[in-house]
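Chains, contacts and geometry: an overview
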Amino acid sequence: MMGGVPEDFVIVRNPDPRSRLPFLLRVPLGDGVVLKAGETWPRTSKVYCHRAEGWPKQPEVVERVPVRSCVRRGAAVDLVLDRSRENRSQIVFTVLRNGREAIFWQTARTARQARPRVRTPTARASGLPTLTILVDTSERYPYRFARQQTDTVRRRLPVGDYAVELDGQVVAAVERKSLADLVSTLTSGRLGYALAELATLPRAAVVVEDRYSRLFGLEHVRPGVAADALAEVQVRWPSVPIVFCETRPLAEEWTYRYLAAALTELAGWLDAASLEHTLLAAAPLPEREPAVAEIRAWARQQGMEVSDRGRLPDEVQQAYRAAHHLAPDPSRLPHQRRSS
């Protein structure tokens, strides 16, 4: 800080190829604090940082933003950037139980998401050993499902952000939304098109990483307009539920459980259909007995004389069954005498 005016907040690429933290941050505090970081902003979760030994001589600048204020408050540094979005954050210095220093870069939102005040279960969903979840390649900050028993495969999905397959076909998908993205797509009409595509799958849903109550605290959109639009799309596409899960970790957990349950149910349907086919092949349905009117009309076409009403002669009925490859009617066969 020079002359009471904060310097710029600068992000450059880490020139050390061996480092797992690909960025360097220069925080304008004192003579400047240099930190290694895993991301350029804590958008979805806290960003782990580590002290860096120095600043590169010829840095590759990724981002340079003017700073409104940079103030140290105890073990944390409050950083306010001079831009309209992604402007307030905090860098927290702490010590772990093993005595090592840890530095986390967070926003108020990611701090709340890191403390949902619940403990998510670790048991496998629906009894599945391992679930393979397809992740759309357009997801910039995808769920990692690190706490669940899953394998993830990055692939371009026809619909949704996360999906599961059955016999090579996508059968269930989940579209992920932040509250801001939900409202934006609602007011622009894009959410309706997304729900229409999701509704083509056997199972699909939209998960929102926030509370429904936050919908009524919006500043740039009238809460009533957003709530009405949300209700309208849900009524129009009732097969695609929109679920509010409070935080990102809980939304990730819900997505895992939903996809596992959908795959289990649909696989059960497939097994039931296969079983039904086997049973029908092993025990075919009995032949339909011909109506008297059908036999009478056939007999007349063959030149046989039959009455308009009453019982048909046995020989006429047996001739009809033989001509149509039907088994003889046991009730019309001559009765054998019982052996004495």
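As the structure is a computational prediction, the values presented were derived from the model and not from experiment.

**Regarding the packing of helix α6 (residues 292-301) against helix α7 (residues 314-323)**
Direction vectors running N to C along α6 and α7 enclose 85°, while the axes themselves pass 10 Å from each other. Put simply, α6 runs roughly perpendicular to α7. Between α6, through E294, I295, W298 and A299, and α7, the contact on the second element is made entirely by V316, Q317, A319, Y320 and A323. Taken together, the residues of the contact of α6 with α7 sort by class into 7 nonpolar, 1 polar and 1 charged.

**Details of the environment of V233**
Residue placement: V233 occurs in helix α4 (residues 223-236). Taking the C-alpha atoms as reference points, V233 and A196, 37 residues apart in sequence, are found 9.6 Å from one another. Discounting chain neighbours no more than four positions away, the residues touching V233 are L186, L191, L195 and I242.

**Quick look at the sheet that holds strand β8 (residues 88-95)**
Read from one edge to the other, the open sheet built from 9 strands follows the order β5-β1-β2-β3-β4-β9-β8-β7-β6, with strand pairing classed as antiparallel. Only two strands of the sheet have a single partner each, and these edge strands are β5 (61-65) and β6 (67-73). Averaged over all pairs of adjacent strands, the angle between their axes in this sheet comes to 25°, without regard to strand direction. Both strand β7 (residues 76-81) and β8 contribute to a ladder of 5 bridges, which runs antiparallel. If you follow L79 over to β8, its bridge partner there is S89.

**A few points about the sheet that holds strand β10 (residues 131-136)**
Judged by pairing direction, the sheet is mixed, and its 6 strands sit side by side in the order β11-β10-β12-β13-β14-β15 without closing on themselves. Among the strands making up the open sheet, the edge pair consists of β11 (150-155) and β15 (242-244). On average, each strand axis in the sheet is tilted by 25° relative to the strand beside it, whichever way the strands run. Strand contacts of helix α3 (residues 190-198): β13 (169-177), β14 (203-208) and β15, with the helix running at about 145° to β14, the strand carrying the most contacts.

**Some points on the pairing of strand β12 (residues 162-166)**
Pairing of β10 with β12, which is carried by 2 bridges, proceeds in the antiparallel orientation. Bridge assignment links L134 to a residue of β12, and that residue is A163. Remark: 2 residues form the turn of the hairpin made by β12 and β13, two consecutive strands paired antiparallel; D167 in that turn has positive phi of roughly 55°.

**Quick look at the packing of aromatic side chains**
Using the criterion set out here, one finds 10 aromatic pairs in the structure. Pairing W298 with Y320 gives two aromatic rings, centres 5.5 Å apart and planes at 80°, and the pair type is edge-to-face. In this pair, W298 is assigned in helix α6 and Y320 in helix α7, connecting sequence segments 22 residues apart. The exposure class assigned to W298 is buried, which follows from its relative accessible area of 14%. The exposure class assigned to Y320 is buried, which follows from its relative accessible area of 8%. Of the aromatic side chains, those joined through ring pairs into one cluster are F9, W41 and W105. The ring of W41 is capped by R83, whose NZ or CZ atom sits 5.1 Å from the centre of that ring. The cationic tip of R176 hangs over the ring face of Y143; the distance from NZ or CZ to the ring centre is 6.0 Å.

**Thoughts on the confidence of the model for the protein chain**
Of all residues in the protein chain, 83% attain a pLDDT of 70 or more, and the chain-wide mean is 83. When mean pLDDT is taken per element in the protein chain, β15 scores highest with 97 and helix α1 (residues 108-113) scores lowest with 68. Under a pLDDT of 50 for its full length, residues 1-5 has, in the predicted model, 5 contacts with residues more than four places off or in other chains. The model gives residues 335-340 a pLDDT under 50, and that stretch makes 0 contacts with residues more than four places away or in other chains.

**Comments concerning the side chain of T107**
Note on placement: T107 falls in the loop between β9 (101-106) and α1. According to the relative accessible area criterion, T107 is buried, its value standing at 12%. Among residues more than four places away in sequence, those in contact with T107 are W41, P42, R88 and S89.

Thresholds applied
- Residues numbered from 1 in each chain as written.
- Predicted model: local features only at pLDDT ≥ 70, side-chain atom pairs only at ≥ 80, totals over all residues.
- Heavy atoms only, no water.
- Axes fitted to C-alpha atoms, helices over the stretch in contact; angles between N-to-C directions.
- Helix = DSSP H or I, 4+ residues; strand = E, 2+ residues; numbered from the N terminus.
- Parallel < 35°, antiparallel > 145°, perpendicular 65-115°, else oblique.
- Contact = heavy atoms within 4.5 Å.
- Nonpolar A, V, L, I, M, F, W, Y, C, P; charged D, E, K, R; others polar.
- Pairing = 2+ DSSP bridges.
- Phe/Tyr/Trp six-rings, centres within 6.5 Å; stacked < 30°, edge-to-face > 60°.
- Buried < 20%, exposed > 50% of the residue type's maximum accessible area, 1.4 Å probe, protein only.
- Lys NZ or Arg CZ within 6 Å of the ring centre and 35° of its normal.
- pLDDT = per-residue confidence, 0-100.

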